[in-house]
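# Structural characterization, general
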Amino acid sequence: MQLLHAPCWPHLPFQGCKSPSILALVPPDRFLQLSAINFSLHPSKLEKSIWVSHRPSIFGCGSTNATSVEVSTGTAENDVLKALSQIIDPDFGTDIVSCGFVKDMQINEALGEVSFRLELTTPACPIKDMFEQRANEVVLAIPWVNKVNVTMSAQPARPIFAEQLPEGLQKISNIVAVSSCKGGVGKSTVAVNLAYTLAGMGARVGIFDADVYGPSLPTMVSPENRLLEMNPEKRTIIPTEYLGVKLVSFGFSGQGRAIMRGPMVSGVINQLLTTTEWGELDYLVIDMPPGTGDIQLTLCQVVPLTAAVIVTTPQKLAFIDVAKGVRMFSKLKVPCIAVVENMCHFDADGKRYYPFGRGSGSQVVQQFGIPHLFDLPIRPTLSASGDSGMPEVAADPCGEVANTFQDLGVCVVQQCAKIRQQVSTAVIYDKSIKAIKVKVPQSDEEFFLHPATVRRNDRSAQSVDEWTGDQKLQYTDVPEDIEPEEIRPMGNYAVSITWPDGFSQIAPYDQLQTMERLVDVPQPTPV
């Protein structure tokens, strides 16, 4: 590789529950009377119910312990921003001011009153209450401040690259695949309970059952309307709903199980997924079918999967199939963020037994570098709840299983937020040094590229003859002072770069990593 020089994110207990539930702390005026029998959530209420984790963040917390703030010599707004910059987002490792969380600031310096809004990346942020508390503390520590009003909100549900998606998917922030590549390991159980855990955390959630040959969702949930409806004007599918979660499955189409060839199944899945009126969702959980064939590849290529959760069991045979799935996601640039080892043990007579052996889950973690492992015990109630149409986390929100899914939900929220941040800032153009800065997701390496070098390395049919391989775009056709007009993410694998001549270049991360890099890049002058 040649080097070039640079140019010039109190819980709401169920009645009789003595331990934390998966739902949120809410003030008395918002208290929802819920019971294990009458578990009913409405999307509008979910937006007000924010579940709060009392566990430390996966990535640790930055320093937010300052108790006093010196008065800035600048404006009152600078004083407040300086105070708020002490609060570090533990997932991004950056202060909340730099993250762009502070909105709508209003200051009455004469009365010493300050009000502002903290807009978080997701309503399911597990450290939302910490942000609100610390914001009040640090701003009140400013000598001239007498009163602080902090309002909490979340960014609108929207993928990073909405313009390139089918209309039905343009208001979904995160799409999470739950996969095992092997049948019978409890993948659907994990997908459904994860989705209802995320809903209990305050998020707007949908479930897509992608198994056309053997749909499980109609058995595991009990919606009042068990048939999908069609919008005759838009010719779109209206999802059914249960406990505040939107549901789509081939099992709700009135067709039962499909008997058809692979290409037809891929088309059915594509239609069900992309023509559904999902509306605004923070998380769409996809229950992937077993295998690594056409259906799985179609799903991964049609929708921009944010991340994948892998489900396995302790047996070596399960590991072999799961490994194939992890490799498939790796090739498709979909990060695997957690492994769930189901049916791993049970307790009896004061002892813990491992009937299927041990080690499959940890082996997946170690071999493929997946950072988080969650163990699900053998519980008759977990199986019974799936058969009865009531998810276990709703039937017993204070149990051991619900606690495990609570931890998994926090992991998914934090990892998805981190991935979105990495993708949105992976490739940017720095005008001050006239260079393209690249920091590929899941990598610590950061480097700079000359814009002309990137443009000259385009490998599309407009630049390279598809038949002969001859270069059509000549070196001198690209001016040295060319600058990109826009850089947009294209999933987890590439960016789209728009140039002044109107050409839109697709630049995969893998290709960017092989280009000639700039050295001795001058640091931008701070403003």
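Conventions adopted
Residues numbered from 1 in each chain as written. Predicted model: local features only at pLDDT ≥ 70, side-chain atom pairs only at ≥ 80, totals over all residues. Heavy atoms only, no water. pLDDT = per-residue confidence, 0-100. Helix = DSSP H or I, 4+ residues; strand = E, 2+ residues; numbered from the N terminus. Contact = heavy atoms within 4.5 Å. Pairing = 2+ DSSP bridges. Axes fitted to C-alpha atoms, helices over the stretch in contact; angles between N-to-C directions. Salt bridge = Lys/Arg side-chain N within 4 Å of Asp/Glu carboxyl O. Buried < 20%, exposed > 50% of the residue type's maximum accessible area, 1.4 Å probe, protein only. Polar contact = N/O pair within 3.5 Å; in protein donor to acceptor, adjacent residues only side chain to side chain. Expected span 1.5 Å × (residues − 1). Arc of directions from axis to C-beta. Core = buried A, V, L, I, M, F, W, Y, C linked by side-chain atoms within 4.5 Å. Domains from an automatic or database assignment. Left-handed = near helix turned anticlockwise from the far one by under 90°. Phe/Tyr/Trp six-rings, centres within 6.5 Å; stacked < 30°, edge-to-face > 60°. Lys NZ or Arg CZ within 6 Å of the ring centre and 35° of its normal.

Turning next to the confidence of the model for the protein. Residues with a pLDDT of 70 or more make up 81% of the protein, whose mean pLDDT is 78. Element-level mean pLDDT values for the protein span from 33 in helix α1 (residues 43-46) up to 95 in strand β8 (residues 205-209). Here residues 1-74 is modelled with pLDDT under 50, and outside its nearest four sequence neighbours on either side it reaches 180 contacts, counting other chains as well.

Pairing within the open sheet is mixed, and its eight strands lie in the order β11-β12-β8-β13-β7-β14-β15-β18. The open sheet has two edge strands, β11 (240-242) and β18 (373-375), and neither has a second partner. For this sheet the average axis-to-axis angle between neighbouring strands, irrespective of direction, equals 25 degrees. Inspection of the sheet shows strand β14 (residues 307-312) paired to strand β15 (residues 336-341) by five bridges, in the parallel sense. Within β15, the residue paired with I310 across the bridge is V339. The sheet strands contacting helix α4 (residues 187-200) are β7 (172-179), β8, β11, β12 (245-249), β13 (281-287), β14 and β15, and the helix crosses β13 at an angle near 170 degrees.

Take the pattern of salt bridges next. Any two side chains of opposite charge can pair, on the condition that their charged atoms come close. Under the definition given, this model contains 15 salt bridges. Measuring nitrogen to oxygen at the nearest pair gives 3.1 Å for the salt bridge that ties D282 to R204. With a gap of 78 residues between them, D282 in strand β13 and R204 in the loop between α4 and β8 connect regions that are remote in the sequence. Each member of the pair D282 and R204 is classed as buried. The network of salt bridges with common partners includes D104, R117 and E119.

For β7, a buried count of eight out of eight residues is recorded, marking the element as mostly surrounded by other parts of the structure. Where β7 and β13 come together, six bridges link them in parallel fashion. Following the sheet pairing, A177 is matched in β13 by I286. The sheet contact formed by β7 and β14 spans four bridges and is parallel. Along β14, the bridge assignment pairs A177 with A308.

Strand pairing in a sheet relies on backbone hydrogen bonds. The paired strands run either parallel or antiparallel. Strands sit in the order β19-β20-β21 across an open sheet of three strands; the sheet is antiparallel. The open sheet has two edge strands, β19 (427-430) and β21 (447-449), and neither has a second partner. Between one strand axis and the next, the sheet turns through 35 degrees on average, direction left out of account. Sheet topology note: the β19/strand β20 (residues 435-438) ladder contains four bridges and is antiparallel. Bridge pairing in β20 links Y429 to I436.

What follows covers the side chain of T313. As for its position among the elements, T313 is in the loop between β14 and α8 (316-331). Given the relative accessible area of 4%, T313 is considered buried. Here the side chain of T313 touches Q315 through a polar contact of 2.6 Å, side chain to side chain. If near-sequence neighbours (up to four positions away) are discounted, T313 is found in contact with V185, A318, E341, N342, M343 and S360.

The next subject is helix α3 (residues 128-140). With 13 residues, α3 should reach 18 Å at 1.5 Å per residue; the first-to-last C-alpha distance of 19 Å fits that figure. Along α3, the residues that are buried comprise K128, F131, R134, A135, V138 and V139. End-on view of α3: buried residues confined to an arc of 130 degrees, all on one side of the axis. Tucked inside the fold, the buried residues of α3 contact α2 (76-84), β2 (88-89), β5 (113-120) and β6 (147-154).

Bringing the nonpolar core into the picture now. Across soluble globular proteins, you tend to see nonpolar side chains buried next to one another. One finds Y196, F208, I286, F329, L408 and L512 to be the most contacted residues of the largest nonpolar core, which totals 110 residues. Looking at this core, the element that brings in the most residues is helix α12 (residues 400-424), giving 11 residues. For this core, the two domains that each supply at least three residues are domain 2 (162-421) and domain 3 (427-514). Among residues more than four places away in sequence, those in contact with F329 are A177, S179, M288, C300, L305, A308, I310, V334 and C336.

Two elements in contact, α8 and helix α9 (residues 360-368), have axes whose closest approach is 10 Å; the angle formed by their N-to-C orientations is 30 degrees. As α8 packs across α9, the resulting crossing turns out to be right-handed. Contacts between α8 and α9 involve F319, V322, A323, V326 and R327 from the former and S360, Q363, V364, Q367 and F368 from the latter.

The next point concerns the packing of aromatic side chains. If you walk through the whole model with that rule in mind, you get three aromatic pairs. Pairing F101 with F131 gives two aromatic rings, centres 6.3 Å apart and planes at 70 degrees, and the pair type is edge-to-face. With a gap of 30 residues between them, F101 in the loop between β3 (94-95) and β4 (102-108) and F131 in helix α3 connect regions that are remote in the sequence. Residue F131 is classed as buried on the basis of its relative accessible area of 1%. The cationic tip of R456 hangs over the ring face of Y475; the distance from NZ or CZ to the ring centre is 3.7 Å. Over the ring of F447 we find R517, and its NZ or CZ is 3.9 Å from the ring centre.

This brings us to the environment of M230. Checked against the element boundaries, M230 lands in strand β9 (residues 229-231). Among the residues examined, M230 registers a relative accessible area of 48% and is labelled partly exposed. When the C-alpha positions of M230 and E277 are compared, they lie 9.7 Å apart, and in sequence the two are 47 residues distant. Not counting residues within four places of it along the chain, the set of residues in contact with M230 comprises R235, T236 and I237.

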